[in-house]
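# Overview (structure and organization)
Here's the letter readout for the chains.
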Amino acid sequence: MNIYENCPVLENEKFIIRLFKNEDCDDLLEVYSDKNALPFFNSDNCDGDNFYYATKERMTEAIDFWNMSYRNGWFVRLSVVDKTASTVIGTVELCLRVSGDEFNNMGILRVDVRSDYEQENELYGIFSLITPEIEKMLGCKGVLTKAPIYAVERIKAIQKVGFTKSEHLLIGKTGYAYDGYWTIK
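Residues numbered from 1 in each chain as written. Predicted model: local features only at pLDDT ≥ 70, side-chain atom pairs only at ≥ 80, totals over all residues. Heavy atoms only, no water.

Moving on, we get to the side chain of glutamate 122. Looking at the element boundaries, glutamate 122 is found in helix α3 (residues 120-138). Those residues in contact with glutamate 122 that lie beyond four places of it in its chain are Lys14, Phe15 and Tyr117. (Helix = DSSP H or I, 4+ residues; strand = E, 2+ residues; numbered from the N terminus. Contact = heavy atoms within 4.5 Å.)

So this is what it looks like as structure tokens:
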């Protein structure tokens, strides 16, 4: 399967995870303008973007960049839809890491959700839905995600999925070493 040619739709009792749409903009603006959610977004190695988008114009620019990145096979951004609220409550980003460190050929999983969804059960529902599919979607040998030490609800959720704390640092393209990564193989 090539996620850049055929992006799957994943679904469980609570969530649908699908390729983002331009029409998701208003819901995504609520996610990316949520200052309480911002500390949980993984912006490592993202050229200084912290994913705080306070205006519809800025959110539209980000969506345009996501579209271009998907077309070029750089990364894929998926919307997370809460089925009960019929609302996009966050995104999942996936890409294949090519590097000279311990995380070479692993899939990077970034999960950004509104702060009211930064809870163990909600996060578990998202991580348990997407994680088992990543290896076949990206052709990778494992998955890594970031959970800083203060992300206690996120850590509980990813541990339930099977992630373990990595002893290795992720080396960015500028040589900066990032901490807080968890892996599953």
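Turning next to the sheet that holds strand β5 (residues 107-113). To summarise the sheet geometry, strands pair through backbone hydrogen bonds and adopt either a parallel or an antiparallel arrangement. Read across the sheet, eight strands follow the order β1-β2-β3-β4-β5-β6-β10-β7 without closing on themselves; strand pairing throughout is mixed. Looking at the sheet topology across the chains shown, the edges are occupied by β1 (10-11) and β7 (164-165). Of the strands in this sheet, β1, β2 (15-19), β3 (76-82), β4 (87-96), β5, β6 (143-146) and β10 (181-184) touch α3, which is tilted by about 155 degrees from β5. (Pairing = 2+ DSSP bridges. Axes fitted to C-alpha atoms, helices over the stretch in contact; angles between N-to-C directions.)

Turning our eyes to something else, we now look at the pattern of salt bridges. Taken as a whole and assessed by the stated rule, the structure comprises 17 salt bridges. Arginine 18 is the salt-bridge partner of aspartate 24, the closest N and O atoms lying 2.9 Å from each other. The pair formed by aspartate 24 and arginine 18 is uniform in burial state, with each residue classed as buried. Across the salt bridge formed by lysine 165 and aspartate 179, the nearest N and O atoms sit 3.4 Å from each other. A residue pair is termed long-range when its members are at least 10 positions apart, and lysine 165 in strand β7 and aspartate 179 in the loop between β9 (177-178) and β10 qualify at 14 residues. On the basis of relative accessible area, lysine 165 is assigned to the partly exposed category, the value being 40%. A single network of salt bridges, built from pairs that share partners, joins Arg77, Glu93, Arg110 and Asp112. (Salt bridge = Lys/Arg side-chain N within 4 Å of Asp/Glu carboxyl O. Buried < 20%, exposed > 50% of the residue type's maximum accessible area, 1.4 Å probe, protein only.)

So, on to the nonpolar core. Nonpolar side chains in soluble globular proteins tend to end up buried together. Counting 34 residues, the largest nonpolar core has Val92, Leu94, Leu109 and Ile130 as its most contacted members. No other element matches the eight residues that α3 contributes to this core. Ignoring sequence-local partners within four residues, the contact set of isoleucine 130 consists of Leu10, Ile17, Leu78, Val92, Leu94, Leu109 and Met137. Judged by nonpolar contacts, the second largest core, of 26 residues, contains Val31, Met59, Ala62 and Val81. (Core = buried A, V, L, I, M, F, W, Y, C linked by side-chain atoms within 4.5 Å.)

Before going further, it helps to spend a moment on unusual backbone geometry. Within the chain, phenylalanine 51 stands out as a residue other than glycine whose phi angle is a positive 65 degrees. Note on placement: phenylalanine 51 falls in the loop between α1 (25-32) and α2 (56-72). Positioned with a positive phi, serine 86 is a non-glycine residue whose angle comes to about 50 degrees. Within the secondary structure layout, serine 86 lies in the loop between β3 and β4. For serine 86, a relative accessible area of 61% puts it in the exposed group.

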